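What follows is each chain in one-letter form.
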Amino acid sequence: MSRNLVFSEVRKSFGRTVALDHFSVEVGEGELVTLLGPSGCGKSTALRVAAGFEVADGGDVRVGDESVLRKSASERNMGIVFQNYSLFPHLTVRENLEFGMRVRRIDSQVRRARVGELLDLVRLTGLEQRFPHQLSGGQQQRVALARALAVEPRVLLLDEPLSALDATVRLEVREEIRRIQRDSGIATLFVTHDQEEALAISDRVCVMSQGRVEQVGSPQAVYRYPNNPFVARFVGRVNDMAVTVVSTGVAVLQGGAAKFAVPPIGITSGEARLLLRPEDVRLTSPHRGATALGIVDSVHFGGATTSVDVELKEGGHMVRVTDATREMTCAVGEEVGVVFDTERALLTREA
Amino acid sequence: MRARNAVWWLVLLVATVFYAVPMLAMARFAFQRIPVIKLSWGNVFDKWTAAPLVDSLRNPDFHRAGLLSLGLAVATAALTVLLLVPTMTFAHLRSPRMRRFIELSSVLPFVVPAIALVIGFAAAFRDTAPIFVRSSFGMVPLLVITALPFTHRTIENGLSSLDLRTLADASRSLGAGWNRTIWTVIAPNIRGSIATASFLALTVVLGEFTIASLLLKNTLPLYLAYAQGQNPQGAFAVGLSLTALSAVFIALANRFGGTRPGSRQQR
Ligand SMILES: Nc1ncnc2c1ncn2[C@@H]1O[C@H](COP(=O)(O)OP(=O)(O)OP(=O)(O)O)[C@@H](O)[C@H]1O
Ligand SMILES: [Mg+2]
């Protein structure tokens, strides 16, 4: 039996708030799919409907070829890790890990062995007698993951499991989750509002807004080829500039005169916004072949990459330039030229 | 600042005197082998004895009444916990409206006098389900209601201090049904509140007079009221000891309620 998780056309409203609007996505066997979107877009609701904590108004959720919506939460056999610390405070780490196995009346010898394996898996061997309040946040979330895996769930649901952790621990636990998920080959739905996290951890990313799916695809696809302006703006950073399209495939910056090429699809005249990734803008010397001229406003050294903010003379647009391939040496206040590489840019009327 | 402190001390002093003087008088009357008429400051420390208490404790009528009251108290505490913990957990998780309703009804005993409650109760059940009126333990539901203002508040505080939703969701996702979730996950985490509520229920029942009297049940307070006529000294000795016992219960309740499970100080 295949163990994929499928949402089809799921609808859910709370009073007048539509939390899920014909929401469909599939998490394949062994795959990790993230739900990415702004706060309130319905990510947790999708997960809670799958888990059985909320009742869908319509649509279906299936694991393999079996619909789970008729089962109660306790019968669905899904491993869940929550955003808030969810370990049972009155039980030790061992007792927490054994909880699900006790419910299933698994023999104590088997339980003991399994607890050992799980603690190995999350690298917490030796902590079985601790109470949750004696663990750090990162350790608690690792125990929570182990507890979810203890019952050999059919799918794993993670609702912002890292958001209560601080930056370094967050990275560490994130890699741990990915490693364990790969090894166990379990279909996993991972909820986050952090686009960097989503791009780093996923096989595929499902970008949501207002209860709807905006785009599903590999991290590369979602980043490089956003379907629509919402995705372009939400995933990664984007230069968002007002332009006027003068003819098919040709535009000028508003307040400027220099013409440059734009994708010849969709908008063929009038005012629009140009969405352009920072790595699709290049710095040049001020004169030859520059799309526009500007003054360096600030330089952000980020280790592997450096970003420069340039204020354009025409129209005063602020443009971010990120160049990973070549060291950018320029000083604040220096005059530079910028070249737009608009092959993958988006034009939109939406502000 | 200083003036306010002085007022505070004065109030405390007056309150102490107000409570302590009758207690002391009771203690002297009950436990000193001196006729009342001869009690004076001069013989405060003379001829103390436990005999009146011991004699009363030997009385089989006292035993019967004491056992009945104790049984009622334990039954009331148990029923209170069995009813309140699941109901209030559901109210917290599912329905804020139900929570407010429970909150309101919990203070009804302050509004409806016990006498009205019993008369209604007796009238309703005398013919329909006479067991509630005849059997001594039939009055347990009434006692649960009488203790509700105290017990509800205590459990409510316990539940509010937990992240109930996350705990319940985690438990259920691991395969536990509602019963198991409530009694093995939620209850242990509010055990302090449950202990406090139980002690408060015990205390209320051990002092309850109206209901027992109207239903003609021979509980401890009724026995004491009757014994006061027969053997005032013995009755006072027992009454005072019960008061002390209640104080111990309340102190215990405070102790348990004071440390929250899972807090760092506990281990
Ligand atoms: N129990 C509820 N009652 C009423 N409205 C709710 C309830 N749960 C969620 N909502 C609403 O449904 C919408 C989606 O909520 P949801 O929790 O799924 O968002 P989210 O994407 O997880 O956001 P966040 O990133 O802040 O966690 C929101 O507008 C929220 O206010
Ligand atoms: Mg959420």
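As the structure is a computational prediction, the values presented were derived from the model and not from experiment.

## So, the overall build of chain A
So, step 1. Helix and strand counts for chain A come out as 8 helices and 20 strands.
So, step 2. Dimensions of chain A along its principal axes, counting C-alpha atoms only, are 80 × 45 × 35 Å.
So, step 3. Burial status across chain A gives 54% buried among its 351 residues.
So, step 4. Counting contacts in chain A only where the partners sit at least 6 residues apart, residues at least 24 apart contribute 66% of the total.

## Remarks on the environment of leucine 275 of chain A
All names here are of chain A.
So, step 1. Take leucine 275: it is sitting in strand E14 (residues 270-276).
So, step 2. Distance from leucine 275 to threonine 348, taken between C-alpha atoms, is 7.9 Å for residues 73 residues apart in sequence.
So, step 3. For leucine 275, the residues in contact, after removing those within four places along its chain, are Pro229, Ala232, Arg233, Val238, Asn239, Asp240, Ala345, Leu346 and Thr348.

## Describing helix H2 (residues 93-103) of chain A
So, step 1. Taken across its 11 residues, H2 of chain A has 9 buried, putting it largely inside the fold.
So, step 2. Looking only at H2 of chain A, the buried set comprises Val93, Arg94, Asn96, Leu97, Glu98, Phe99, Gly100, Met101 and Val103 of chain A.
So, step 3. Buried residues along H2 of chain A sit against helix H3 (108-121) and helix H4 (137-150) of chain A together with helix H9 (164-173) and helix H10 (178-189) of chain B.
So, step 4. Two residues or fewer past H2 of chain A, arginine 105 of chain A is found with a positive phi of approximately 55°.

## With respect to the site of ligand 1
All names here are of chain A.
So, step 1. What surrounds ligand 1 is the set Phe14, Thr17, Ala19, Pro38, Ser39, Gly40, Cys41, Gly42, Lys43, Ser44, Thr45 and Glu160.
So, step 2. Cysteine 41 is positioned with one of its backbone polar atoms (N or O) 3.2 Å from an oxygen atom of ligand 1.
So, step 3. Within the contact set of ligand 1, an oxygen atom lies 3.3 Å away from a side-chain nitrogen or oxygen of glutamate 160.
So, step 4. In isolation ligand 1 has 640 Å² of accessible area, and contact with the protein removes 60% of it.
So, step 5. Secondary structure elements with two or more residues in the shell around ligand 1: strand E2 (17-27) and helix H1 (43-51).

## A look at the interface of chain B and chain A
When the parts of a complex come together, some accessible area is lost, and that lost area is often taken as the interface size.
So, step 1. Counting from both sides, the interface comprises 23 residues of chain B and, opposite them, 24 residues of chain A.
So, step 2. Both faces considered, chain B and chain A share a buried interface measuring about 2100 Å² in area, 60% of it formed by carbon and sulfur atoms.
So, step 3. Linking chain B with chain A are 1 salt bridge.
So, step 4. When the shortest N-O distance is used, the salt bridge between arginine 48 of chain A and aspartate 169 of chain B registers 2.9 Å.
So, step 5. Of all the elements in the fold, those that place two or more residues in the side of chain B that touches chain A are H9 and H10 of chain B.

## Here we look at the sheet that holds strand E12 (residues 250-253) of chain A
All names here are of chain A.
So, step 1. The 5 strands are arranged E13-E12-E11-E14-E20 in an open sheet whose pairing can be described as antiparallel. In this open sheet, the two edge strands, each paired with only one partner strand, are strand E13 (259-261) and strand E20 (346-348). Adjacent strand axes in the sheet meet at a mean angle of 45° when their direction is disregarded.
So, step 2. Where strand E11 (residues 239-247) lies against E14, 7 bridges are found, and the strand directions are antiparallel. Among the inter-strand pairings, valine 243 is bridged to a residue of E14, identified as alanine 272.

## A few points about the packing of helix H3 (residues 60-94) of chain B against helix H4 (residues 96-106) of chain B
All names here are of chain B.
So, step 1. With their axes 6 Å apart at the nearest point, H3 and H4 run at an angle of 140° to one another. Taken together, the axes of H3 and H4 are oblique relative to one another. For the pair H3 and H4, the contacting residues are Thr87, Met88, Ala91, His92 and Arg94 in the first and Pro96, Met98, Arg99 and Ile102 in the second.
So, step 2. For the contact of H3 with H4, the per-class residue count stands at 5 nonpolar, 2 polar and 2 charged.

## Structural notes on the environment of arginine 134 of chain B
So, step 1. Structurally, arginine 134 of chain B is set in helix H7 (residues 131-134).
So, step 2. For the pair arginine 134 of chain B and alanine 77 of chain B, spaced 57 residues apart in sequence, the C-alpha separation works out to 21 Å.

## What about the domain arrangement of chain A?
All names here are of chain A.
So, step 1. Assigned domains within chain A: domain 1 (5-233) and domain 2 (237-348).
So, step 2. Placing a centre on the C-alpha atoms of domain 1 and another on those of domain 2 gives a separation of 39 Å.
So, step 3. Contact residues are listed per partner, giving 9 residues for domain 1 and 10 residues for domain 2.
So, step 4. For the pairing of domain 1 and domain 2, the buried interface totals around 930 Å² over both sides, and the portion due to carbon and sulfur atoms is 45%.
So, step 5. In terms of surface lost to domain 2, no three residues of domain 1 exceed Tyr223, Arg224 and Arg233, which account for 59% of the buried area on that side.
So, step 6. At the boundary of domain 1 and domain 2, one finds 3 salt bridges.
So, step 7. The partner of aspartate 240 in a salt bridge is arginine 233, with the nearest N and O atoms 2.8 Å apart.
So, step 8. Breaking the side of domain 1 that touches domain 2 down by element, the ones donating at least two residues are helix H7 (219-224) and helix H8 (229-234).

## With respect to the sheet that holds strand E1 (residues 5-14) of chain A
All names here are of chain A.
So, step 1. Strand order in the open sheet made by the 4 strands is E2-E1-E4-E5, with antiparallel pairing throughout. At either end of the open sheet lies a strand with only one pairing partner, and these are E2 and strand E5 (66-67).
So, step 2. Inspection of the sheet shows E1 paired to E2 by 7 bridges, in the antiparallel sense. What sits directly across from phenylalanine 7, in E2, is valine 25.

## Remarks on the side chain of asparagine 239 of chain A
All names here are of chain A.
So, step 1. Here asparagine 239 shows up in strand E11.
So, step 2. Polar side-chain contacts of asparagine 239 include one of 2.8 Å to the backbone nitrogen of arginine 320.
So, step 3. Sequence-distant contacts of asparagine 239, defined by excluding residues within four places in its chain, comprise Leu274, Leu275, Leu276, Arg277, Pro278, Val281, Met318, Val319 and Arg320.

## A short note on the packing of helix H2 (residues 51-58) of chain B against H3 of chain B
Residues and elements named next belong to chain B.
So, step 1. The geometry of H2 relative to H3 is characterised by a closest axis approach of 5 Å and an angle of 75° between their N-to-C directions. Between H2 and H3, the interaxial angle falls into the category roughly perpendicular. Along the contact surface, H2 presents Ser56, Leu57 and Arg58, while H3 presents Pro60, Phe62 and His63.
So, step 2. Split by residue class, the contact of H2 with H3 holds 3 nonpolar, 2 polar and 1 charged.

## A closer look at the state of the cysteines
So, step 1. Going through the model one piece at a time under the given rule, you end up with 0 disulfides over all chains.
So, step 2. The structure places no disulfide on cysteine 206 of chain A, whose sulfur is separated from the nearest cysteine sulfur, that of cysteine 41 of chain A, by 8.8 Å.

## Section: empty space enclosed by the protein
Residues and elements named next belong to chain A.
So, step 1. Scanning all chains against the criterion turns up 2 cavities of 30 Å³ or more.
So, step 2. One number sums up the size of the largest cavity: a volume of about 80 Å³.
So, step 3. Of all the elements in the fold, those that place two or more residues in the lining of the largest cavity are H7 and E14.
So, step 4. Tallied by class, the residues present in the lining of the largest cavity amount to 8 nonpolar, no polar and 4 charged.

What counts and what doesn't
Per chain, residues are indexed from 1 in the order of the written sequence. As they are written, the chains are lettered A onward and the ligands numbered 1 onward, keeping that order. This being a predicted model, a pLDDT of at least 70 is required before a residue's local features are given, and a value of 80 or more before pairs of side-chain atoms are given or counted; all residues contribute to the totals for chains, interfaces and linings. Side-chain descriptors were evaluated using all non-hydrogen atoms of the structure, hydrogens and water having been removed beforehand. Think of it this way: any DSSP run of H or I at least four residues long counts as a helix, any run of E at least two long counts as a strand, and we number them from the N terminus. For each residue, the accessible area found with a 1.4 Å probe, counting protein chains only, is set against the maximum for its type, and the residue is called buried under 20%, exposed over 50%, and partly exposed in between. Note on contacts: a residue pair qualifies if any of its non-hydrogen atoms lie within 4.5 Å across the two residues. Here a residue counts as near a molecule or strand whenever at least one of its heavy atoms sits within 4 Å of it. Throughout this description, a polar contact denotes any pair of N or O atoms lying within 3.5 Å of each other; where both atoms belong to protein, one of them has to be capable of donating a hydrogen while the other can accept it, and for residues adjacent in sequence the pair is counted only when both atoms sit in side chains. Residue burial considers only the protein chains on display, and all accessible areas are found by Shrake-Rupley using a 1.4 Å probe. Buried area counts how much accessible surface, traced with a 1.4 Å probe, disappears from two parts once they are put together, with both parts' losses summed. Any carboxyl oxygen of Asp or Glu within 4 Å of a side-chain nitrogen of Lys or Arg constitutes a salt bridge here. Pairing between strands is defined by DSSP: at least two bridges between the two strands are required. An axis is simply a line fitted to the C-alpha atoms; with a helix, the fit covers only the stretch in contact. Between two such axes, the angle follows the N-to-C directions and lies from 0 to 180 degrees. Angular relationships are summarised with four words: roughly parallel below 35 degrees, roughly antiparallel beyond 145, roughly perpendicular across 65 to 115, and oblique for the angles in between. Side-chain classes follow a simple rule in which Ala, Val, Leu, Ile, Met, Phe, Trp, Tyr, Cys and Pro form the nonpolar group, Asp, Glu, Lys and Arg form the charged group, and the remainder, Gly included, forms the polar group. An automatic or database domain assignment is the source of the domain bounds shown. To count as a disulfide, a pair of cysteine sulfur atoms needs to be within 2.5 Å. Computed over the protein atoms alone on a 1 Å grid, cavities are sets of points where a 1.4 Å probe fits but cannot get out and pockets are open sets with protein on both sides within 12 Å along at least five of seven lines; a residue lines them when it has an atom within 4 Å of a point. Grid points are joined across faces, edges and corners, and a volume is the space filled by probe spheres set on the points.

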